[in-house]
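Summary of structural features
The chain contents come next:
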Amino acid sequence: MAGSFFTGRFLNLFDYKTKKFIVAKNKRVGVLYRLIQLSIIGYIIGWVFVSKKGYQETDEAIQSSVITKLKGVSVTNTTESGRLVWGPEDYVIPPQGEAVLFVVTNSLETPNQKLGHCAESFKVLDGHCRDGDDCEEGKMVVAGNGFMSGRCLRKDENSTGTCEIYGWCPIERKFKPQGPLLTNAENFTIYIKNFIHFPKFTFSKSNVLETTDDSYLKKCRFEEELHPYCPIFRLGDITRSAGYNFQDIATFGGSIGIMIEWYCDLDKGYSNCHPQYRFTRLDISVSNKTIATGFNFRHARYFKNAAGESYRSLFKVYGIRFNIMVHGKAGKFSVIPTFINVASGLALMGAGAFFCDMVLLYLMKKGDSYRERKFEGSKNKKSRSEEDGVEDRKGATEQDNLTS
């Protein structure tokens with residue numbers, strides 16, 4: 001008996017059980033169910049597969065290399081430096097052709113500085129004084145140009161003076177530039193060579209036109225429609241694409257972001273993977289303009305005179321900092337994501353049926369009738385046998401009572 005019981009249980013594992021469907025003649029719930037089905041089908045086909053390409057495997061781990069080179073010449077004539085010719089080796093920092101570079105567009109020079117004693121700038125708040133007690137000897141001036149000698153230099157007894165310092169004298173000239181020094185810098189060109197590689201698909205490409213014409217890069221300029229694979233950009237066109245006038249930025253400097261985006265559908269082939277360029281200004285917000293706009297830094301050039309004394313010329317340079325950033329994603333058909341998204345759609349169909357069941361069973365007026373048909377109660381064999389036994393015993397008792 002025990003063996004046959006367990007054998008029957010084991011064989012039940014191979015039985016196939018199917019669901020029982022009840023057709024509810026309710027037009028409102030039927031229309032709701034079809035609308036849910038159509039919405040889910042539209043979402044799966046339109047959004048998941050067409051818009052988001054859910055049938056593709058993707059690779060966002062783009063590997064990129066950027067090489068830059070600038071060209072252009074400008075001539076300046078200032079009181080401090082005289083007539084100078086500026087080439088890329090003068091206005092590009094650093095000159096190695098990196099993805100982040102600075103182009104000088106303006107410069108203020110403080111020439112022939114020598115180590116010695118002089119008055120601190122009145123614009124340095126920590127350098128103000130009334131007497132020598134305010135200028136502690138050997139103390140460094142906060143945000144200043146040297147350390148204090150202990151003397152307070154004033155024009156008269158009633159005025160506020162500045163501490164005498166030991167440093168590079170005369171101190172830096174403090175005035176705002178009235179316009180860019182390199183007035184034709186907007187005509188300089190920047191060559192941006194970008195190589196990309198998607199390792200998952202072993203796919204590589206460059207933003208330079210594949211051609212055997214050696215003169216192509218010498219005469220082309222980037223145009224989105226006509227020359228999308230010409231990597232030579234005019235600086236004035238870059239700032240204009242970012243929404244700003246070059247001359248306005250060139251006076252006090254700024255920061256421009258150059259985004260190169262590669263979004264490649266590899267199912268369409270190698271020739272349909274194109275670079276897209278976007279330009280934006282990074283040092284300023286259109287909705288929140290502050291005094292901290294622009295970009296500048298200082299550097300010095302050192303030399304000695306015939307007597308061996310050390311001198312330097314201090315330069316405060318303004319210019320445009322270019323940040324070249326590369327982003328990308330490649331996609332290619334794969335069975336696994338396709339299967340996963342189809343299965344997700346089928347699961348959503350089941351969720352729609354469950355929602356309609358809840359409406360039909362608990363929100364409709366005839367919900368009790370539908371529940372009786374959907375959920376059928378049954379008793380097991382043991383309890384039914386017990387009930388049959390009780391009925392048999394009750395019948396026998398009644399028969400005994402009749403015969404006595």
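The rules behind these values
Residues numbered from 1 in each chain as written. Predicted model: local features only at pLDDT ≥ 70, side-chain atom pairs only at ≥ 80, totals over all residues. Heavy atoms only, no water. Axes fitted to C-alpha atoms, helices over the stretch in contact; angles between N-to-C directions. Helix = DSSP H or I, 4+ residues; strand = E, 2+ residues; numbered from the N terminus. Parallel < 35°, antiparallel > 145°, perpendicular 65-115°, else oblique. Contact = heavy atoms within 4.5 Å. Buried < 20%, exposed > 50% of the residue type's maximum accessible area, 1.4 Å probe, protein only. Pairing = 2+ DSSP bridges. Left-handed = near helix turned anticlockwise from the far one by under 90°. Nonpolar A, V, L, I, M, F, W, Y, C, P; charged D, E, K, R; others polar. Disulfide = S-S within 2.5 Å. Phe/Tyr/Trp six-rings, centres within 6.5 Å; stacked < 30°, edge-to-face > 60°. Lys NZ or Arg CZ within 6 Å of the ring centre and 35° of its normal. pLDDT = per-residue confidence, 0-100. Patch = residues over 30% accessible without salt bridge, like charges linked within 9 Å, V, L, I, M, F, W, Y side chains within 5 Å. Areas by Shrake-Rupley, 256 points an atom, 1.4 Å probe, with all protein chains shown as cover. Salt bridge = Lys/Arg side-chain N within 4 Å of Asp/Glu carboxyl O. Core = buried A, V, L, I, M, F, W, Y, C linked by side-chain atoms within 4.5 Å.

Quick notes on the packing of helix α7 (residues 335-363) against helix α8 (residues 367-374)
Axis separation between α7 and α8 bottoms out at 6 Å; the angle between their running directions is 120°. Judged by the angle between their axes, α7 and α8 are oblique. Contact residues: α7 offers D357, L360, L361 and Y362, while α8 offers G367, Y370, R371 and K374.

Some remarks on the pairing of strand β16 (residues 310-333)
Across the 24 residues of β16, 17 count as buried, placing the element largely inside the fold. Here strand β1 (residues 56-59) pairs with β16 via four bridges, running antiparallel. Bridge pairing links T58 to G331 in β16. Where strand β13 (residues 254-265) meets β16, 12 bridges bridge the pair, whose relative direction is parallel. Paired with I258 across the bridge in β16 is I324. Of the pairings in the sheet, the one linking strand β15 (residues 296-304) to β16 comprises nine bridges and is antiparallel in character. Each residue of the ladder has a partner; that of F297, found in β16, is V317. Linking β15 back to β16 in an antiparallel pair, the connection comprises five residues, with G308 at a positive phi of about 85°.

Some words on the packing of helix α2 (residues 27-51) against α7
What describes two packed helices is the angle between their axes and the distance between those same axes. Close contact between α2 and α7 brings their axes to 10 Å; oriented N to C, the two are set at 160°. Classified by the angle their axes make, α2 and α7 are roughly antiparallel. As for the relative orientation of α2 and α7, their crossing is right-handed in sense. Facing α2, whose interface residues are V29, L32, Y33, I36, Q37, I40, I41, Y43, I44, V48 and F49, α7 presents T338, N341, V342, G345, L348, M349, G352, A353, F355, C356, V359 and L360. Here the contact of α2 with α7 is built from residues that sort into 18 nonpolar, five polar and no charged.

Considering the state of the cysteines
Per the stated rule, a full pass over the model turns up five disulfides. In this model, C118 is linked to C169 through a disulfide, with the two sulfur atoms separated by 2.0 Å. Residues C118 and C169 are joined through a disulfide that is left-handed, its torsion about the S-S bond being -75°. Residue C118 is located in strand β6 (residues 100-119), and its partner C169 is located in strand β9 (residues 161-169); the two are separated by 51 residues in the primary sequence. Its relative accessible area of 15% is what places C118 among the buried residues.

Digging into the packing of aromatic side chains
Overall, the coordinates contain 13 aromatic pairs when judged by the stated rule. Arranged with centres 6.4 Å apart and planes meeting at 35°, the rings of Y55 and F333 form a pair that is tilted. Note that Y55 is positioned in the loop between α2 and β1 and F333 in strand β16, a separation of 278 residues in sequence. For Y55, a relative accessible area of 24% translates into the label partly exposed. Owing to a relative accessible area of 47%, F333 belongs among the partly exposed residues under this scheme. Each ring, one from F233 and one from Y277, has its centre 5.0 Å from the other, and the planes form 65°; the classification is edge-to-face. One end of the pair, F233, is in strand β12 (residues 232-234); the other, Y277, is in strand β14 (residues 275-281), with 44 residues separating them in the sequence. We classify F233 as buried; its relative accessible area is 3%. The rings of F222, F233, Y277 and F279 are connected pair by pair, giving a single aromatic cluster. Note that K205 overlies the ring of Y270, its terminal NZ or CZ placed 4.6 Å from the centroid. The positively charged end of R281 is found above the aromatic ring belonging to Y244, 4.9 Å away from the centroid.

Overview of the confidence of the model for the protein
Low-pLDDT stretches of the model should not have their predicted coordinates read in fine detail. For the protein, the mean per-residue pLDDT works out to 86, and 89% of the residues sit at or above 70. Contacts for the low-pLDDT stretch residues 380-385, under 50 throughout, to residues beyond four places or in other chains number one contact. With pLDDT under 50 throughout, residues 394-404 is counted as low confidence; its partners more than four residues away or in other chains account for zero contacts.

Some remarks on a nonpolar patch on the surface
There is a patch of nonpolar side chains on the surface, built from F333, V335, I336, F339 and I340 and spanning about 580 Å² of accessible area. Tallying contributions element by element places α7 first for the nonpolar patch, with four residues. On the secondary structure map, V335 appears in helix α7. A relative accessible area of 59% places V335 in the exposed class.

Topic: the nonpolar core
Formed by 42 residues in total, the largest nonpolar core has its most connected members in Y91, L235, I238 and F322. Taken together, the elements giving at least two residues each to this core come down to β2 (63-71), β6, β10 (189-198), α5 (235-241), α6 (246-252), β13, β14 and β16. With sequence-adjacent residues up to four places away left out, F322 is seen in contact with A99, V100, L101, V103, L235, I238, I256 and I258. I36, I40, L361 and Y370 belong to the second largest nonpolar core, which has 12 residues in total.

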